[in-house]
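Residues per chain, in single letters:
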Amino acid sequence: MVSRMSLERKVAQLIQPQINSFDAEEMREYRWGSYLNGGNGGPYGDEFAPASEWLRLADEMWDASTQPLPDGEPIIPTMWGTDAVHGHTNVVQATIFPHNIALGATGDPDLVRLIGAATATEIEVTGIDWNFSPTVAVARDDRWGRTYESYSEDPELVAQMGAALVEGLQGKKGAEDYLGRGRVIATAKHFFGDGGTDQGVDQGDVNGDIDALKSIHAVPYPVAIEAGVETIMASFNSINGTKMHGNEALLTGVLRGEMGFEGLVVGDWNGHGQIAGCTVSDCPQALMAGLDIYMVPDDAVALHSSLVAQVRDGTIPEARVDEAVARVLRIKQRAGLLGPDAQRPSARPNAGEYDKLGMAPHRAVAREAVAKSQVILKNDGVLPLKPGADILVAGVAADSIAQAAGGWTLTWQGGRELTNDYFPGATSIWAGIEEAAQESGGSATLSADGTFEERPDIAIVVFGEEPYAEFAGDRKNLIFADTEGLELLRKFEEQGIPTVSVFLSGRPMWVNRELNASDAFVASWLPGSEGAGVADILFGAKAATGKLSFSWPANCEGNPLNGPDGALFALGYGRSLDDTAPLGDLDEGCGFLDGAPAADWFVNGRLSAGISASAGGMDLPNLRGEGGGVVARGIDRNRQEDARELTFGPDSSFTVSGEGEGAYIITYNLPAAPAGTVTIASGERTEDVTRRMTVAAGKGWREMVLTEACLGEFGDGLTIATNAPLQFSIAQISRSTLPEGTECSF
Ligand code: GLC
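Some points on the overall build of the protein
Line of reasoning, step 1. A count of helical and extended segments in the protein gives 21 helices and 33 strands.
Line of reasoning, step 2. Over its C-alpha atoms the protein spans a radius of gyration of 27 Å, differing by no more than 12% from the 27 Å that the globule rule assigns to 746 residues.
Line of reasoning, step 3. The C-alpha extent of the protein, read off along each of the three principal axes, is 80 × 75 × 45 Å.
Line of reasoning, step 4. Within the span of the protein, comprising 746 residues, buried residues form 61% of the whole.
Line of reasoning, step 5. Taking contacts inside the protein between residues at least 6 apart in sequence as the whole, the part at least 24 apart equals 76%.
Line of reasoning, step 6. With an accessible surface of roughly 25,600 Å², the protein has 49% of that area assigned to carbon and sulfur atoms.
Line of reasoning, step 7. Each charge class in the protein can be summarised by its mean position, and for the 55 positive and 104 negative side chains these summaries are 4 Å apart.

In structure tokens form, the structure reads like this:
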């Protein structure tokens, strides 16, 4: 079949654009081998489109890709990949399962297998073939914004859960229904080291002895391969400075040579563009390193053209293209997409059976997973709640299904602006408590701000992290800084009302203050659409069996914690409902909270008095103007001209100086990676920050924390210099006293 395909069509099998960047006409012309919807993608531009529109698009692309070709060239239908990472949660009405961190806390692979099967069925309803799941990251620094996509810090637990999800999605290898009815193609991701980056910076660098790194981060892959995973996604991170998308030694040498993987390797979202020397539309290096499919959301035609040319000019041996194409065709054949029995998406089993989205048996599995994932960290005897109790439920999160679902929910980032009407059939944590309270002969009242008429017997405060995904969730430390929950807890404590905390988070966090102010405290993670599972534990309808799959920090600095040293609660900790052993008072000291208030040097578009900015010795009044090859102009971030865009010419520098002490904290946005070297200096030492700026590029507004760890000493000014054109924006510069030893971060 490969030998009868034209070079253009072969290369097209290796290209995967996103649905909002091409149409059926382009699909008919190029015959892209696969396509995806990104976290913010939806059919015909509508990410809240009904399931029928998802299926209609699948049919339209199938039809376009199966039009006749000249000269008897074989027709290769396309296939659609999606991120159904905690249920088919791109689609309204789908069951929203707890995120992986919660599934790790259940310790129940059979349950995870059921979740995979339910998810696969709901994916088939919309005509989609391929799920970019499971994530088998072993998150080792909980500051990472994708910690919640990891089952555990323990490689073995991750391996067990990942393999279970693969079997749930694909079916058991060799079984009758393998990749058949109710089954879809799975992806183990992101190979490898995604959970091991320096300071947990998403897409960052993983440093260390390669065998030591493999002994943690590569462990889940042989197990997933053994379970039959058909595809593996390359990771954004680099290993000792080499980006995984271009890392032949690991992508081919280890994955193929050592682990014997025979499926296909798909790239991550323009991940090939991060390889030194590559752009998103010109990157033979990735294919030569072992990538089979380029996930190239918006530049498919340009990449297709360059790859075809590079085969023609010998840069890429055609044999390498043929090898990759064969892998794609083999998977399509196994998935029933090739040959006389291949069916149009809407003709397949489950397709168009929209009542299977969020169907009761699936929601029951999700509710069981919620209950089994709740980890009781503290209980002074108030749990299980007394039958007949009058309960007040407080916190803005209590009735927000979106906040309970976290990222990758209807949109990429999720968020509380997705009100409950976006989630038909779902049950908020509040609604589950209300029902259970009434069933027990008591009552429940929702009061987000904690006020009440009738004094309640007990108050449940639901609070936690607001949804995020990927690098948007990266943190500098593990302080849970929002004080809504703490203030509610302390207010009830003053009123002598016992409290139960239900903490929503994508990771363990420093919550010593909240723990001290609670009579009981439950780590609820990100439970999803079946919030009644939380009440099942609070009222004792089900036994509390959840155990931490991550070590929980005793201090707030957030340094990597993967073991009992420094842990408040160790991996595997979790109370049964009858464990009311006192926790004792916890230390509420935290250097980041105790330091002197930050002194602002530049904020809201104003340079503070006594602070000056200059470039090449030329003054930049109020951080505007030009000099020494630098141009500083006002731009709008949140308000008119509240930020500055700095454009550096080659060999130019920018200095800000004045009286102050402590770390420099700069809110900045670096659209593109530096073309040359970037250094920072304060006092005598000059530090090369090129690599760390490169990792921070393209991730929107971030916070740069410059301490003596990288500056050596705090001079009375800070200079940023570069030898090549550079552009970035600054919204704030301040100085703050941080705990001794705080690392620099970008
Ligand atoms: C994202 C994620 C990856 C996901 C892909 C497609 O950036 O890194 O996990 O599968 O892009 O949405």
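Observations concerning the nonpolar core
Line of reasoning, step 1. With 110 residues, the main nonpolar core has Phe 191, Phe 192, Val 229, Ile 232 and Tyr 294 as its most contacted residues.
Line of reasoning, step 2. Counting residues per element, this core draws most heavily on helix α6 (residues 155-170), at eight residues.
Line of reasoning, step 3. Formed by 38 residues, the second largest nonpolar core is a distinct cluster that contains Ala 139, Val 461, Trp 525 and Trp 552.

Notes on the pairing of strand β5 (residues 187-191)
Every regular strand shows the same layout, with side chains that alternate between the two sheet faces.
Line of reasoning, step 1. Counted residue by residue, β5 has five buried out of five residues, so it is predominantly covered.
Line of reasoning, step 2. The pairing of β5 with strand β7 (residues 231-234) spans four bridges and is classified as parallel. The residue of β7 that forms the bridge with Ala 188 is Ile 232.

Side note on the pairing of strand β27 (residues 652-657)
Line of reasoning, step 1. Of the strand pairs in this sheet, strand β22 (residues 612-615) and β27 are connected by four bridges, and their pairing is antiparallel. Bridging across to β27, Ala 615 finds its partner in Phe 654.
Line of reasoning, step 2. In this sheet, strand β32 (residues 717-722) lies alongside β27 in antiparallel orientation, the contact comprising six bridges. Counterpart to Ser 652 in the pairing with β32 is Thr 722.

A word on the state of the cysteines
Line of reasoning, step 1. In total, this model carries three disulfides according to the counting rule given.
Line of reasoning, step 2. One disulfide in the model links Cys 278 with Cys 283; its S-S distance is 2.1 Å. Because the torsion about its S-S bond is 70 degrees, the bridge between Cys 278 and Cys 283 counts as right-handed. Assigned by exposure class, Cys 278 and Cys 283 land together as buried.
Line of reasoning, step 3. Disulfide connectivity for the protein, with bonded cysteines indexed by sequence position, reads 1-2, 3-4, 5-6.

Concerning the domain arrangement of the protein
Line of reasoning, step 1. The domain boundaries assigned to the protein delineate domain 1 (19-355), domain 2 (374-593) and domain 3 (595-736).
Line of reasoning, step 2. A separation of 33 Å is found between the C-alpha centroids of domain 1 and domain 2.
Line of reasoning, step 3. At the boundary of domain 1 with domain 2, total buried surface from both sides reaches about 3,400 Å², with 55% on carbon and sulfur atoms.
Line of reasoning, step 4. At the junction of domain 1 with domain 2, the criterion picks out one salt bridge.
Line of reasoning, step 5. One salt bridge connects Glu 470 with Arg 146, and the closest N-O pair in it is separated by 3.6 Å.
Line of reasoning, step 6. Connecting domain 1 to domain 2 are 28 residue pairs in polar contact (both at pLDDT 80 or more).
Line of reasoning, step 7. It is helix α4 (residues 100-106) that contributes the most residues to the side of domain 1 that touches domain 2, four residues altogether.
Line of reasoning, step 8. Of the residues that constitute the side of domain 1 that touches domain 2, the class distribution is 17 nonpolar, 15 polar and eleven charged.

So, the sheet that holds strand β30 (residues 685-688)
Line of reasoning, step 1. One open sheet holds the six strands; their spatial order is β23-β22-β27-β32-β29-β30, and the pairing between them is antiparallel. The sheet is open, and its two edges are formed by β23 (618-619) and β30, each paired on a single side.

Considerations on helix α3 (residues 51-65)
Line of reasoning, step 1. Taking 1.5 Å per residue as the helical rise, α3 with its 15 residues ought to reach 21 Å, and the 21 Å between its terminal C-alpha atoms agrees with that figure.
Line of reasoning, step 2. Inspection of α3 places Ala 51, Trp 54, Leu 55, Leu 57, Ala 58, Asp 59, Met 61, Trp 62, Ala 64 and Ser 65 among the buried residues, and these make up the whole buried set.
Line of reasoning, step 3. Buried residues along α3 sit in contact with α2 (24-30), β2 (34-36), β3 (79-82) and α5 (109-125).

What about the site of the ligand?
Line of reasoning, step 1. Taken together, 13 residues lie around the ligand, and Asp 83, Arg 146, Lys 189, His 190 and Asp 268 are the ones closest in.
Line of reasoning, step 2. A distance of 2.6 Å is found between an oxygen atom of the ligand and a side-chain nitrogen or oxygen belonging to Asp 268.
Line of reasoning, step 3. Contact distances for the ligand include 3.1 Å between an oxygen atom and a side-chain N or O atom of Glu 470.
Line of reasoning, step 4. Out of a free accessible area of 310 Å², the ligand has 96% covered by protein chains.
Line of reasoning, step 5. Here the residues of the shell around the ligand are counted per class, giving seven nonpolar, one polar and five charged.

Rules behind the numbers
Residues numbered from 1 in each chain as written. Predicted model: local features only at pLDDT ≥ 70, side-chain atom pairs only at ≥ 80, totals over all residues. Heavy atoms only, no water. Helix = DSSP H or I, 4+ residues; strand = E, 2+ residues; numbered from the N terminus. Rg over C-alpha atoms; globule rule 2.2 N^0.38 Å. Buried < 20%, exposed > 50% of the residue type's maximum accessible area, 1.4 Å probe, protein only. Contact = heavy atoms within 4.5 Å. Areas by Shrake-Rupley, 256 points an atom, 1.4 Å probe, with all protein chains shown as cover. Lys, Arg positive; Asp, Glu negative; His and termini not counted. Charge placed at Lys NZ, Arg CZ, Asp CG, Glu CD. Core = buried A, V, L, I, M, F, W, Y, C linked by side-chain atoms within 4.5 Å. Pairing = 2+ DSSP bridges. Disulfide = S-S within 2.5 Å. Domains from an automatic or database assignment. Buried area = accessible area lost by both parts, 1.4 Å probe. Salt bridge = Lys/Arg side-chain N within 4 Å of Asp/Glu carboxyl O. Polar contact = N/O pair within 3.5 Å; in protein donor to acceptor, adjacent residues only side chain to side chain. Nonpolar A, V, L, I, M, F, W, Y, C, P; charged D, E, K, R; others polar. Expected span 1.5 Å × (residues − 1). Near = heavy atom within 4 Å.

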